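Secondary and tertiary structure notes
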Amino acid sequence: MNKALRNPLIYVLFILPAFILFLAFFIYPVFTAINNSFTSWNGISKNVHYIGFDNYVQAFHDVAFWKSVRNNVYFILFSCLIQVPLIIIFSLLIANVKRFKGLYKTAVFMPSIMSTAVIGILWGFIYNPDFGLANEILGLFGVSPIYWLSDKNWAMISILITNAWQWTGFYIVMVLAAILSIPKELDEAAAIDGATGIQRATKITLPLIMPIVSVVIMLSIAGAMKAADIVLVMTKGGPAGSTDVMATYMIRYAITSFRHGFGNSIAVLIFVFTIIITVLYQVLIAKRTERIEY
């Protein structure tokens with residue numbers, strides 16, 4: 001057995017199936033999309049005409065495209081500035097619960113395993129201007145009904161809240177696992193020295209879980225860049241394109257309008273923007289988060 005494992009061919013045979021799948025379902029589609037982005041292909045015809053960078057030029061001159069980019073930025077900012085702090089707070093609270101901790105973990109994790117279509121429909125009822133729970137609560141304080149999903153001023157924030165509700169529990173479980181892996185002796189020693197709960201959380205727990213928080217932020221950024229399903233279910237990009245993101249903008253042209261070449265150019269731009277943002281985050285922020293041993 002040991003002699004067989006010394007043969008490099010054995011390792012190649014183990015790696016080969018995964019490598020073939022990687023080539024077939026990632027590398028090949030990426031290069032195909034790049035190639036199609038330079039064409040005016042409609043996705044059906046056998047005739048493919050290469051038009052150079054015209055698709056990219058058109059995208060950069062399209063106001064609707066930059067609105068979709070702005071909405072993706074809203075997703076990123078909401079995730080990093082609002083969702084991540086809430087994830088940390090709820091994780092700390094659940095970690096300090098003495099009873100029914102498993103129940104709380106299951107409860108917060110449930111939305112992340114539900115279908116996005118189900119969540120979109122559920123929150124559509126909550127946002128209903130006539131009988132929705134959101135307006136019912138606001139009505140108790142004398143606030144007039146809000147048209148959450150049909151008002152340009154509220155549609156985007158409504159989607160952001162729904163998306164955060166769906167995925168916050170998934171990240172809470174990740175952060176909670178990091179918190180529970182911290183030796184209890186550290187917290188007990190700080191408590192004996194007179195540190196308050198808030199001081200122990202900010203001075204001990206938070207620095208120790210920063211590596212996993214950094215991963216959560218990076219996953220949130222990647223998720224924000226590919227967000228599409230929740231928008232399609234709740235508003236289809238409306239009203240008047242105010243909730244369009246780059247992915248829904250791409251789908252509209254690549255599938256609905258049969259402009260496959262232009263849609264592929266948007267897909268390539270999404271890929272490039274995601275790589276740039278991820279690299280910048282890794283270089284400017286994530287590298288400063290050192291792995292802490294305890």
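Let me sum up the structure you'll find in this document. (Residues numbered from 1 in each chain as written. Predicted model: local features only at pLDDT ≥ 70, side-chain atom pairs only at ≥ 80, totals over all residues. Heavy atoms only, no water.)

1. Overview of the overall build of the protein
- Within the protein, the regular secondary structure consists of 13 helices and 0 strands.
- Overall, the protein shows an N-to-C arrangement of helices and strands of α-α-α-α-α-α-α-α-α-α-α-α-α.
- Its C-alpha atoms put the protein at 80 × 75 × 35 Å along the principal axes.
- For the protein, with 294 residues in total, the buried portion stands at 35%. (Helix = DSSP H or I, 4+ residues; strand = E, 2+ residues; numbered from the N terminus. Buried < 20%, exposed > 50% of the residue type's maximum accessible area, 1.4 Å probe, protein only.)

2. So, the pattern of salt bridges
- Going through the model one piece at a time under the given rule, you end up with 1 salt bridge.
- With its nearest N and O atoms 2.6 Å apart, the salt bridge here joins Arg252 to Asp244.
- On the accessibility criterion, Arg252 (29% relative accessible area) is partly exposed. (Salt bridge = Lys/Arg side-chain N within 4 Å of Asp/Glu carboxyl O.)

3. Examining the environment of Thr202
- Tracing the sequence through the fold places Thr202 in helix 10 (residues 197-225).
- On the accessibility criterion, Thr202 (40% relative accessible area) is partly exposed.
- Separated by 73 residues in sequence, Thr202 and Ile275 place their C-alpha atoms 32 Å apart.
- Reaching out from Thr202, the side chain makes a polar contact with the backbone oxygen of Gln199 at a distance of 3.3 Å. (Polar contact = N/O pair within 3.5 Å; in protein donor to acceptor, adjacent residues only side chain to side chain.)

Keep in mind that these numbers describe shape and distance, not what the molecule does.
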